[in-house]
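A closer look at the structure
Each chain, written out:
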Amino acid sequence: MAKHGKMTEKEKKARAAAKRRLQEKGIIPPDKPRLDRKKFIAEAKREWEAREPGSVWIVYLMNAISYMLGHTEKKSLRHSSEAVAAAKILKLAVRLRQFDAALTEKGEREYRLVDQYEYIKDILEA
């Protein structure tokens, strides 16, 4: 195999064959199936909407967010995209509260969704 640069097609095929052999022998785990994001989100929404009512859910939500904030990528221990998403949720909640406080301070009760979106857009796009 080459020391530097891209692998050749021959090297890629050899590596893939070795991986398959190791998986068949049970030395390394099988490939994880890709997550169907659309289906996963729909399932999560259904489960959330079917939950029993009560304020106890704030405890479970905070606990879940805490787990996600500590989630790292397996090899590098860098913060995962899931951890970034959880942090965005926290920042969004704080920013939405600030938006409501600013409205209250102005003596307003109604707002346009586009105004609220503009207020939080930088977090969503970060």
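Everything below is about the structure printed above this text.
**A word on unusual backbone geometry**
One non-glycine residue with positive phi stands out, namely Leu77, at about 60°. Looking at where Leu77 falls in the secondary structure, it is placed in the loop between α3 (57-69) and α4 (81-106). By relative accessible area, Leu77 is classed as exposed at 62%.

**Looking at α4**
Look at α4: 37 Å from first C-alpha to last across 26 residues, which is about the 38 Å you get at 1.5 Å a residue. Three or more residues of α4 are buried, namely Ala83, Ala86, Leu92, Arg95, Phe99 and Leu103. Where α4 is buried, its residues contact α3 and α5 (113-124). Trailing α4 by a residue or two, Gly107 shows a phi angle of about 80°, which is positive.

**As for the pattern of salt bridges**
Applying the stated rule across the entire model yields five salt bridges. Note that Arg95 is salt-bridged to Asp122, the shortest N-O span being 2.8 Å. Taken together, the positions of Arg95 in helix α4 and Asp122 in helix α5 put the pair 27 residues apart, joining distant regions of the chain. Note that Arg112 is salt-bridged to Asp115, the shortest N-O span being 3.0 Å. For Arg112, a relative accessible area of 54% puts it in the exposed group.

Rules used in this analysis
Residues numbered from 1 in each chain as written. Predicted model: local features only at pLDDT ≥ 70, side-chain atom pairs only at ≥ 80, totals over all residues. Heavy atoms only, no water. Helix = DSSP H or I, 4+ residues; strand = E, 2+ residues; numbered from the N terminus. Buried < 20%, exposed > 50% of the residue type's maximum accessible area, 1.4 Å probe, protein only. Expected span 1.5 Å × (residues − 1). Contact = heavy atoms within 4.5 Å. Salt bridge = Lys/Arg side-chain N within 4 Å of Asp/Glu carboxyl O.

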